[in-house]
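Summary of the model geometry
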Amino acid sequence: MRSPIRTRAARVLVALGLVLTAVLPVARLATASNHLILKTGTDQDLQVLNPFSSILVVDFEIFTLNYDLLLNFGQDLEPAPGFADSWSASDDGLTWTFHIRDGMKWSDGTPATSADALYTYQLVIDATAKSDASEDGYYLGAGYLEGYLTNAGIKSVSAPDASTLVVETEFANTLLLNAYVPILPRHIWESHTLDEIGSAEGSTPFLNEPPVVGTGPYQATEWQPGDHITFTRNPNYWGKQGAADQVVVQTFQAMDTAVQALKSGEIDYVRGIQPDQFTALQGDPNIQVVEGISNGFSEIAFNTYNRGPIEGGGASTTALQDPKFRDALAWAIDQQKLVDVTLGGFGEPGTTIVPPFHTRWHSPPDNPRSFDIAEANRRLDAAGYPRDASGNRLDKEGKVITLRVTWPDSEAEHATDAQFIKEWWSELGVGVDAFVTEEGKLLDDLLPPEGGGLANFDIELWGWVGDPDPTSLLNVLRGEEIGSFSDSFYDNPRYDELFLLQRAESDEATRFAQIKEMQNLTYDEAPYIILYYDAELHAYRTDRFGGWTNQPSDGGTPLFGYGSIGYTHLTDLSAVPAPTQEPGATAGPSAAPGGPDGGSTGSDSTPLILGIAALVVVIAGGLLVMRRRSATAASEEE
Amino acid sequence: MTATPGPVAGATRGRRSSGAGDFVRRFSRRREGMVGLAILTFFAILAAIPEVLVGPLQTAVTSIGPRLSPPIDGFPLGTDELGRDIVNLTVHGARISMTIGLLATVVTVAIGVLVGIVSGFVGGRIDAVLMRITDFFLVIPTFVLALILTPIIRDVVGSATTEVFGIRMTLIVIVVVIGITSWSSTARIIRSQTLSIKERAFVDRARVVGAGPGYIMRVHILPNVINLIVANAVLVFAGAVLTETTLSFVGLGDPFQPSWGQLLEAARSVGAPGLGAWWYFVPPGLGIILVVFAFTLFGSALDDLLNPRRGGRR
Amino acid sequence: MGGSFVARRLGQAAITIVAIILINFVLFRLMPGSPERVILRGTPNVTPERIEALRERWGLNDPVFPDQLVAYITSTLTGDLGYSFIARGQTVVDVLAQRIWPTILLFGLGEMVAIALGLALGAYSGWRRGGPIDYLGNSVSLILYSTPYFLLGMGFLLVFASSIKWLPTFGMLTAGRVYGSPFEFLADLGAHLVLPLATVSLGLVGQYAIVMRSSIIETLSEDYVNTARAMGLSEGRILRHHALPNALLPTVTLIAINLGYVIAGAITVEVVFNWPGLGTLTVQALTARDYPVLQGVFLLLSVAVVLANLVADLVYGVLDPRVRT
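Right, let's walk through the structure included here. (Residues numbered from 1 in each chain as written. Chains lettered and ligands numbered in written order. Predicted model: local features only at pLDDT ≥ 70, side-chain atom pairs only at ≥ 80, totals over all residues. Heavy atoms only, no water.)

1. Describing the overall build of chain C
Selection criterion: In this text, helices come from DSSP runs of H or I with a minimum length of four residues, and strands from runs of E with a minimum of two, each type numbered from the N-terminal end. Burial status follows relative accessibility: with a 1.4 Å probe on protein chains alone, a residue under 20% of its type maximum counts as buried, one over 50% as exposed, and anything between as partly exposed. Only heavy atoms matter for contacts: two residues are in contact if any of them lie within 4.5 Å across the pair. Accessible areas in this description were obtained via Shrake-Rupley with a 1.4 Å probe; residue shielding takes into account the shown protein chains only.
Helix and strand content of chain C: twelve helices and zero strands. Counting only residues that meet the buried cut, chain C has 59% of its 325 residues in that class. Long-range contacts, defined here as pairs at least 24 residues apart, represent 71% of the contacts in chain C between residues at least 6 apart. Working note: accessible area of chain C is about 12000 Å², and carbon and sulfur atoms make up 70% of it.

This is the structure:
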């Protein structure tokens, strides 16, 4: 599940470094010079090279450069040849046979065979079995990858010959074709124990440091943690080679500097830019901006925990367990306003938990709500939440309702959402106590007793990111996930039943009907209010590389999508292969910054600088005059 | 080690005040001090009545301006990314920054004076222990300690929206942290002054008539170091404003109560310098520079007057 | 220099460092949530059993005092600062080691420039007290002293990122650039250094000039200077041979003490210019609440400041025998 990446949490979550080469010129002098280097920038910091420890989008991007999945994602996210070049299912849909590409080699020249795929899948199966068997609850690394195989109901895996991998599943499904599990080189990894691989905080963790050996188009060859990571072309790559000889992923602490670097030509691609920067870049002739639609959402999650009171924790009112109450609150949220202000207009108002990104699965709600404070008040009255003398809403126990609204400090923009929500709900007589919580503490607060916590919150604002298949997004509202991924403790047997049905459903129309019902159910009962689907704002230079192709073609982005396909499309546009070094080399006028309605904002700050200089001179001059006098005064006094 | 860490001025000796009128006359001859005072008065007025001057603090909800606009009609200093008027934000920022500075100064000076007087008056082992602790805080990088302490204390006290003196709990934590980490130079100064006062005849007389140490410290010592406390407090204030600004800038501020430092942080995270959006960070930036500058001028002038070793030197 | 003086100062420095370790120990236990939860952050499906296993491994089940304390002090003194929460599996020492050099480079150079400029300006101002240079220099020094470092940095960014695009505005080296010769490398490094270095130097120069100025003024009014004047020595000679050396002593001590304050500026300047040093690391760790790294930074910087003070004291002791009491 790539989804349970806490999205923007991840964006801000920054990582730390590992190897000391920072100021050593030697490290970089070694390689030949006229290589074509693609440089990408992100504000996420790569933390790990061991795929099992992946959490951030950039972690996933990097392991799909290093490795192939059993099946990669195609241009429109369809299953495409990866480590296997063809595949088929048995008639009952329970047995999948994958043909591993003949003659394929790892980047170090070792033959890549079904034994490697078997090793990798078995590793995940072993970890899951260990988890099931032991009371200790074992997880492989960060715990995000096992779900891809367990949700596909994987039972066993075997390799009858070097080019065949056979996977048996418990139920017929197609999720296996979307499994985000990289195939690892057995000859490198098998000398490490499951604990070394899966336990990052262990005493001898396997970190998979460069040079990495993989079958992907580029392998990590150099890493300066906290700064950048360099990938070098895989000479043995089986697929179409991209134009870049090397790929550098640079981490930026501030998007401002990343955008400057893009404008000056120091980097070619940047992910995660701010709305105002996006607008400003639109005027630059050498830069293309991309507004990708998001495969994820930001939500209001209610603490609906209803398995009895929690000593010392739990929600402040039982009203949150009432779907009618939550529904009424949802009528008092102007999602378009939030999109306009919080996202600067870059995104869509949210509806269901399956974003429109999933064109095949998204279904607009049958009973949509609108922004209507009067309607919200009517519904609260009807649901039995009267107002007291001073206009405050009372819950069924007669207690004044004041809701604690919080969000992680890594998602600063929710502070804006919270201000609006507080304003809107005050018109319902519902009090809001809005505050930010440190992310680690919030993760703790969100744990229910089943997960060893106290579920000590009312409402949290956060977000999720999805996979090409909606299963992982649907998963977070399952009753079974209470104590794990669930942060609303929504517990609806019908929903859970539908989840299992859709997972095992091969007929698209039937599966759509099931997923549609799930979307309607959760929209109406509102354990989450999906605030918005925030856009992915990327930008790239068009003067050095060509062939930028969005994945998916409709609404996607060229890089930082699903796998390495975007890198392999790139072509060389530069007549002179040497990379541009001059920061001022940008041709054409620099973009005029300004908001959608702000117009030109006059980027020329020279008058201002002159003004400040003048001010300094005036102050200094004034002091000079006064000093002379005061010196006189002082000497008089003495 | 004898030097004190106050980069500009650190008084080591004080003297009893002369008459108030005399003091005012002598201070008014200190032109830098007067300039400092004038600037401070200006910002004090901003901080005292922001609502009167620019209306209530604009929020994302109440803002009406265009997004990140340069100065235009109705918005003489432009707007931020939420369409809020920078004039409004800067004036309200003055209140928040200066209130935090003031509260932090009170905490800092209170701790410093307490430690200084007790240490100087009681002497002996207590003095030795207190001074070891003082030296410790003088020498360690207290800002880094503040960086660690702030989130920890914040999470220990909880993040509820209780307000103290109109300041949210998150910022009160910053006040306390500044207090905890920056009292040591005050303690040093007050202690040395206490040592000299302790030897004066009137203290001996009080002791002879049977006054307890608490009484002597309160009634005889404290009034005699008050000048020094005032002079020192002014300089502490400048430092507190700078520390608060820096803490906010690295992300420990509170977006619901934007101080100048918080505004600068917001400007940076929006990318204002790169977008050429000078109007976003120059007003709060100038506010900080002017306030710290003014306090330093004012404080140095006070220090000159109240400190016999420096009097007339400059 | 008396051996006991040296021994006593060494002892004090050692006590200070142990006290810092103690603070770290206490802070680690004050942390929100619990240490093991913070370690496991971001990991889903954490069962009580796994938490228990972690507590065992980190020794959190032993009594806090003395077992945990002793273990903590011992491991810290042997260079084991624990593991960074977010650089999974990496030790704090490794994380610090790779970030220290850029900071030493930037702030070493910045201090040097600021000391050279600040002392020269301060000495000249103090010597020519009341002259135009003094007035101008002193006012500018005061304004610079009042300016947060990062604000200076943002000003530079504004100028050099949006108006004059002469210099790189971020990072230490051009991302991914391959160098043909060490000279190219140095040129690239130098270009990236200009703006952060200017920011650091300007941020520091004000206070050094102010201190040096008042120090010179103080020295010039000492009796021996008057005696020298009476003996007919030239002003230049008095300045070079009598006033300067004596005025330098307190100034140097102050610079050492001020290291602790400089660090606050260091952190923000690095952030503004994306400089990959300890300051940037500190803010990264702060954002992610990576407390072991934060504590490592605190310990490292404290030890650096304590040692700088120790050296300054000892040097002071050599130069000025009166302090050896």
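2. Concerning the packing of aromatic side chains
Residue and element names in this part refer to chain A. Selection criterion: Centres within 6.5 Å are what make two rings of Phe, Tyr or Trp a pair, Trp counting through its six-membered ring; a difference in plane orientation under 30 degrees is then read as stacked, over 60 as edge-to-face, and the rest as tilted.
Scanning the entire structure with this criterion turns up 35 aromatic pairs over all chains. Between Y305 and F489, the ring centres sit 5.6 Å apart and the planes meet at 90°, which makes this aromatic pair edge-to-face. You can see Y305 sitting in the loop between strand 13 (296-302) and helix 10 (323-331) and its partner F489 sitting in the loop between helix 15 (471-475) and helix 16 (493-503), a full 184 residues away along the chain. A residue is classified by how much of its surface remains accessible, and F489, at 1% relative accessible area, is buried. Centroid distance F357 to Y562: 6.1 Å. Interplanar angle 40°. Geometry classified as tilted. Of this pair, F357 sits in the loop between strand 14 (347-349) and helix 12 (373-382) while Y562 sits in the loop between strand 20 (545-546) and helix 18 (565-568), and the two are 205 residues apart along the sequence.

3. Let's talk about the sheet that holds strand 11 (residues 269-271) of chain A
Residue and element names in this part refer to chain A. For clarity, the cut-off: When DSSP finds two or more bridges between two strands, those strands count as paired. Between N-to-C directions, angles cover 0 to 180 degrees, with each direction set by a line fitted to C-alpha atoms, over the stretch in contact for helices.
Across the sheet, seven strands lie side by side as 8-9-10-1-11-19-12; this open sheet has mixed pairing. Lying at the two open borders of the sheet, with one neighbouring strand each, are strand 8 (218-224) and strand 12 (287-292). Averaged over all adjacent pairs, the angle separating strand axes in this sheet is 20°, with direction ignored. Both strand 1 (residues 37-42) and strand 10 (residues 246-251) contribute to a ladder of six bridges, which runs parallel. What sits directly across from G41, in strand 10, is Q250. The sheet contacts of helix 3 (residues 57-66) involve strand 1, strand 8, strand 9 (228-233), strand 10 and strand 11, and relative to strand 8 the element is tilted by about 130°. Packing against the sheet, helix 8 (residues 255-263) makes contact with strand 1, strand 11, strand 12 and strand 19 (536-541), and its axis sits at approximately 160° to strand 11.

4. What about the environment of A:P210?
Along the polypeptide, A:P210 turns up in the loop between helix 7 (194-198) and strand 8. Those residues in contact with A:P210 that lie beyond four places of it in its chain are A:L49, A:A220, A:T221, A:E222 and A:W223.

5. Some words on the sheet that holds strand 6 (residues 154-161) of chain A
All names here are of chain A. With respect to topology, four strands assemble into an open sheet ordered 4-5-7-6, the strand pairing being antiparallel. Each having just a single partner strand, strand 4 (84-89) and strand 6 make up the two edges of the open sheet. Averaged over all pairs of adjacent strands, the angle between their axes in this sheet comes to 20°, without regard to strand direction. Contacting strand 5 (95-100), strand 6 and strand 7 (164-169), helix 4 (residues 114-133) crosses the sheet at an angle of about 160° to strand 6.

6. Some words on the packing of helix 10 (residues 213-252) of chain B against helix 10 (residues 235-272) of chain C
Our working rule: Roughly parallel means an angle under 35 degrees; roughly antiparallel, over 145; roughly perpendicular, 65 to 115; everything else is oblique. A crossing counts as left-handed when the near helix is turned anticlockwise from the far one by less than a right angle, and as right-handed when that turn is clockwise. Gly is placed with the polar residues, together with every amino acid not listed as nonpolar (Ala, Val, Leu, Ile, Met, Phe, Trp, Tyr, Cys and Pro) or charged (Asp, Glu, Lys and Arg).
One way to put it is that helix 10 of chain B packs onto helix 10 of chain C with a least axis distance of 11 Å and a crossing angle of 40°. In terms of orientation, helix 10 of chain B and helix 10 of chain C fall into the oblique class. Once helix 10 of chain B is placed against helix 10 of chain C, the crossing between them reads as left-handed. Taken together, the residues of helix 10 of chain C that come into contact with helix 10 of chain B (itself represented by B:T246, B:F249 and B:V250) are C:A264, C:I267, C:T268 and C:V272. Here the residues of the contact of helix 10 of chain B with helix 10 of chain C sort into five nonpolar, two polar and no charged.

7. Quick notes on helix 8 (residues 182-220) of chain C
Stated precisely, the cut-off is as follows: By this rule, a helix spans an expected 1.5 Å times one less than how many residues it contains. The bend at a residue is defined as the angle formed between two axes, one fitted to the seven residues ending at that residue and one fitted to the seven starting there.
Between its first and last C-alpha atoms helix 8 of chain C spans 48 Å; for 39 residues at 1.5 Å apiece the expected length is 57 Å, and the helix comes up short by more than 12%. Bending of helix 8 of chain C peaks at approximately 40° at the position of C:V194, with proline C:P196 no more than four residues after it.

8. Describing unusual backbone geometry
All names here are of chain A. At the junction of P210 and P211, the peptide bond is cis and its omega measures out at 0° in the coordinates. Here the bond from Q551 into P552 is cis, since omega is -5°, no more than 30 degrees from zero. Assignment of secondary structure puts P552 in the loop between strand 20 and helix 18. For F489, which is not glycine, the phi torsion reads 60° and is therefore positive. A positive phi angle is found at A526, which is not glycine, with a value near 50°. On the secondary structure map, A526 appears in the loop between helix 17 (508-525) and strand 18 (528-534).

9. A short note on the environment of B:A128
Residue and element names in this part refer to chain B. Note that A128 resides in helix 5 (residues 124-139). Overall, A128 belongs to the partly exposed group, its relative accessible area being 43%. Along the chain, A128 and E244 lie 116 residues apart, while their C-alpha atoms are 31 Å from each other.

10. Focus on the pattern of salt bridges
Worth spelling out the cut-off: One speaks of a salt bridge when a side-chain nitrogen belonging to Lys or Arg is within 4 Å of a carboxyl oxygen belonging to Asp or Glu.
All told, the structure shown has 29 salt bridges over all chains when counted by the stated rule. Between A:E375 and A:R378 there is a salt bridge whose closest N-O contact spans 2.6 Å. Of this pair, A:E375 and A:R378 both sit in helix 12, three residues apart, which is roughly one turn of that helix. Given the relative accessible area of 15%, A:E375 is considered buried. Residue classification places A:R378 among the partly exposed residues on the basis of a relative accessible area of 47%. With a closest N to O distance of 2.6 Å, B:R168 and B:D254 form a salt bridge. Placement of B:R168 in strand 2 (residues 167-168) and of B:D254 in the loop between helix 10 and helix 11 (260-270) is noted, with a sequence separation of 86 residues between them. Each member of the salt-bridge network shares a partner with another, and the members are A:D327, A:R369, A:E375, A:R378 and A:R379.

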